[in-house]
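# Coordinate analysis (summary)
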Amino acid sequence: MTTWVRAPEAARRLGVTTETLYSYVSRGRVHRTLGSDGRSSLFDVAELDALAAASSRPTRPPSTIDVRISTCITQLDEAGIRYRGVSLDDLVDEPFERVCDLLWHGSLGDLTGCALRSLPPAAPCGAPTSVISLIRLATDIDAGSTPTETAVRFLDAIAPRSFPTEDRSSFAARLTRRWVDDPSPALVRAVNSTLVLLADHELATSTLSVRVATSVRASPAASLIAGLATVEGDLHGAASFHVHRMFERIEAAGPERVLTDHRRRREPVPGFGHKIYRDRDPRFSLLLDRVRDLPDPHDRRGVVDDTVRAAGALVGRLANVDLALGALTYVAGLPPGAPLFAVARVAGWTAHHLEELEERPLRFRGLAR
C-alpha cells in the first residue's frame, strides 16, 4: 500500500525547502498527486526515500581536475610541440640561450645579445646534485628587478662563468662542466638539446604552481621556488632518476627480468606512458638520437637499446622523454639526480610568470567538495 505525505513532510524527508521540492517536480525527479480537496499535493514516501538515498551516495571524484588557462607560449597537438609557434624539431639544436629569448620575448635573439648572456657573471655555487640543492640556491640568489633578470641570475649561478674565457662558452657547456671536467662535444650537444626539449610543456603541474604563485604576486624568485618544489616530486621531474636506477638494475640482471618484476609487482615502469600522448612522446626520439651519439666506453647504449626493444612486448606503453633523459645520465655517467629537467624548466616557468602578470590577480580558487 502506498503511503502519502504532504509537501512540508516531503521536503523534510529530502532535506530541502518546499521551493526546491517543487523544482524537483518540474524537472521530473519526483512525482506529486493531488489530494482529495483538489488543491494539496501528496508525495509517495517510497519514492522520496529512494531519491534521498540516491542523493546521499558519495560521487566518485574526477581522476584529474582540469584548469583551463589561455596561453601563447607552448602548443601541444597532433602536429607536435611548438614554442611560440616554432616546432621543437627546428629548435632542438638551437642554443638554450636563444630558446630562452624565444620563450621570454617571442623571438629568437642574436646569441651575443641573449638575456642569458647579458648580466655580469654570478658568484659560483656548488655543483647542483638535486632539485633540493636548486631550491637552496634560489633562496640565496640576488634576485633581479624583473622576472627575466631573476631567472638569468639563477641560471648563471647554476652554470657560472668563473673565468673570462667562459663568457664565450655556451650555457650547456658550462652546465655540463659542473659534472664532467672535459665533456665531449657530443655530450654538450645532448645536454643543450635536453634543456631545449624540456624548457616548457604547456601547463604541466609545476608550471601551474608557478602561475598560482604569480597570481598572488609572489616575487619571481618565490615563484621559481614554487615550481621547483613541485617538479621535485617522483611523478614529475624526478622520474628520470628512477629510470637511471632501472638501467643499472637491467645492466646487472637483463631487461626481461627487471621489466617482468615490475609487471609482477604491478608497479609502473619508469619512463613509459604519458597522460597527454597516446603515441610516443615526440621528445623521446629527438633526445635519444643525441644519446646514441655519445662516447660509450662501457657499452651502456646497448643496455638502453635492449630495454627499449624488450619493453615493446613487456610494458605495453610507449617510451617518454624521462626514459631518454635517464638514458642520457646513465650513458654519460652523470649523477642520477642531476637536475637537468628542473634547470631547463626555469625557462618556461619564467615565460609563464610573465604571462600570468598580465592576468587578473587572485584568479585561482579551489572549490571544496
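Residues numbered from 1 in each chain as written. Predicted model: local features only at pLDDT ≥ 70, side-chain atom pairs only at ≥ 80, totals over all residues. Heavy atoms only, no water.

## Digging into the overall build of the chain
This is how it is decided: The numbering of helices and of strands both runs from the N terminus, where a helix is a DSSP run of H or I of at least 4 residues and a strand a run of E of at least 2. Working definition of accessibility: Shrake-Rupley area with a 1.4 Å probe, residue cover restricted to the visible protein chains. For the charge count, each Lys or Arg is scored as positive and each Asp or Glu as negative, with His and the chain ends excluded. By convention, the point assigned to a charge is CZ for Arg, NZ for Lys, CD for Glu and CG for Asp.
Helix and strand content of the chain: 17 helices and 6 strands. Seen through its principal axes, the chain has C-alpha atoms that stretch 100 × 55 × 35 Å. Counting every atom, the chain has about 18600 Å² of accessible surface; 51% of that belongs to carbon and sulfur. Taking the average location of the 46 positive side-chain charges in the chain and that of its 46 negative ones, the two points are 7 Å from each other.

## Points about the pairing of strand β3 (residues 41-44)
Definition in use: We call two strands paired when DSSP finds no fewer than two bridges between them.
As paired elements, strand β1 (residues 4-6) and β3 share 3 bridges and run antiparallel to each other. Bridging across to β3, R6 finds its partner in L42. Sheet topology places strand β2 (residues 32-34) next to β3; 3 bridges connect them, and they run antiparallel. Across the sheet, the residue bridging to R32 is F43, located in β3. Following β2, the chain reverses through 6 residues before pairing antiparallel with β3; G38 in that reversal takes a positive phi of roughly 80°.

## A short note on the sheet that holds β2
How we decide: Structural elements are reduced to axes, namely lines fitted to C-alpha atoms, with helices fitted over the stretch in contact, and the angle between N-to-C directions of any two is expressed from 0 to 180 degrees. Residue contacts are defined here by distance: any two heavy atoms, one from each residue, within 4.5 Å place the two residues in contact.
Read across the sheet, 3 strands follow the order β1-β3-β2 without closing on themselves; strand pairing throughout is antiparallel. Two strands bound the open sheet, and with one partner strand each, they are β1 and β2. For this sheet the average axis-to-axis angle between neighbouring strands, irrespective of direction, equals 45°. Across the face of the sheet, helix α1 (residues 7-14) comes into contact with β1 and β3 while running at roughly 100° to β1. Sheet strands touched by helix α2 (residues 18-26): β2 and β3. Its angle to β3, the strand with the most contacts, is close to 75°.

## Thoughts on the sheet that holds strand β5 (residues 80-83)
Pairing in this open sheet of 3 strands is antiparallel, and the strands run β4-β5-β6 from one edge to the other. Where the open sheet ends on each side, the last strands, each with one partner, are β4 (74-77) and β6 (86-87). The pairing of β5 with β6 spans 2 bridges and is antiparallel. Bridged to R82 within β6 is S87.

## Looking at the packing of aromatic side chains
As a reminder, the rule being used: The pairing test for Phe, Tyr and Trp rings, Trp by its six-membered ring, is centres within 6.5 Å, and the orientation test on the planes gives stacked under 30 degrees, edge-to-face over 60, and tilted for anything in between. Burial status follows relative accessibility: with a 1.4 Å probe on protein chains alone, a residue under 20% of its type maximum counts as buried, one over 50% as exposed, and anything between as partly exposed.
A complete count under the given rule lists 3 aromatic pairs for this structure. Summarising the aromatic geometry, the rings of F247 and Y330 are spaced 5.3 Å apart at their centres and angled 25° between planes, so their arrangement reads as stacked. Taken together, the positions of F247 in helix α12 (residues 239-253) and Y330 in helix α16 (residues 321-332) put the pair 83 residues apart, joining distant regions of the chain. Assigned by exposure class, F247 and Y330 land together as buried.

## Brief notes about the nonpolar core
Just so we agree on the cut-off: Note on terminology: a nonpolar core comprises buried Ala, Val, Leu, Ile, Met, Phe, Trp, Tyr and Cys residues joined through side-chain atoms within 4.5 Å.
Among the nonpolar cores identified, the biggest contains 89 residues, and F154, L175 and L195 are the most heavily contacted of them. Tallying contributions element by element places helix α17 (residues 340-356) first for this core, with 9 residues. In this structure, L195 is in contact with F96, F171, A172, L175, L340, V343 and A344, ignoring residues within four places of it in sequence. Residues A11, V30, V45 and L48 belong to the second largest nonpolar core, which totals 12 residues.

## Focus on the packing of helix α13 (residues 255-264) against helix α15 (residues 300-314)
Defined as follows: The cut-offs work like this: below 35 degrees is roughly parallel, past 145 is roughly antiparallel, 65 to 115 is roughly perpendicular, and the gaps in between are oblique. Each crossing gets its handedness from the near helix: less than a right angle anticlockwise from the far helix is left-handed, clockwise is right-handed. Throughout this entry, Asp, Glu, Lys and Arg are counted as charged residues, while Ala, Val, Leu, Ile, Met, Phe, Trp, Tyr, Cys and Pro are counted as nonpolar. The remaining residues, Gly among them, count as polar.
Taken N-terminus to C-terminus, the directions of α13 and α15 make an angle of 40°; their axes are 9 Å apart at the nearest point. Judged by the angle between their axes, α13 and α15 are oblique. The hand of the α13/α15 crossing is right-handed. In this structure, α13 contributes P255, E256, L259, T260 and R263 to the contact, and α15 contributes D306, T307, A310, A311, A313 and L314. The class makeup of the residues in the contact of α13 with α15 is 6 nonpolar, 2 polar and 3 charged.

## Structural notes on the layout of surface pockets
What counts here: Computed over the protein atoms alone on a 1 Å grid, cavities are sets of points where a 1.4 Å probe fits but cannot get out and pockets are open sets with protein on both sides within 12 Å along at least five of seven lines; a residue lines them when it has an atom within 4 Å of a point. Grid points are joined across faces, edges and corners, and a volume is the space filled by probe spheres set on the points.
Here the largest pocket is characterised by a volume of approximately 1600 Å³. The wall of the largest pocket is formed by 35 residues, among which T205, L235, H274, K275 and I276 lie closest to the centre. Every element with two or more residues in the lining of the largest pocket is listed here: α10 (205-215), α12, α16 and α17.

## Concerning the environment of P297
With respect to the helices, strands and loops of the structure, P297 is situated in the loop between α14 (282-291) and α15. Sequence separation between P297 and C72 is 225 residues, and the spatial gap between their C-alpha atoms is 44 Å.

## Re empty space enclosed by the protein
Leftover empty space is mapped by rolling, across the atoms, a probe with the size of a water molecule. In the structure shown here, the tally under the stated rule is 1 cavity of 30 Å³ or more. For the largest cavity, the calculated volume is near 60 Å³. Taken together, P147, T150, A151, V210, P220, S223, L224, W349, T350 and H353 form the lining of the largest cavity. Where the lining of the largest cavity is concerned, the elements lending two or more residues are α7 (147-158), α11 (220-231) and α17. Within the lining of the largest cavity, the residues separate by chemical class into 6 nonpolar, 4 polar and no charged.

## Focus on the pairing of β5
Of the strand pairs in this sheet, β4 and β5 are connected by 4 bridges, and their pairing is antiparallel. Within β5, the residue paired with D77 across the bridge is G80. Here β5 folds back onto β6, and the loop between the two strands holds 2 residues, one of which, R84, carries a positive phi near 50°.

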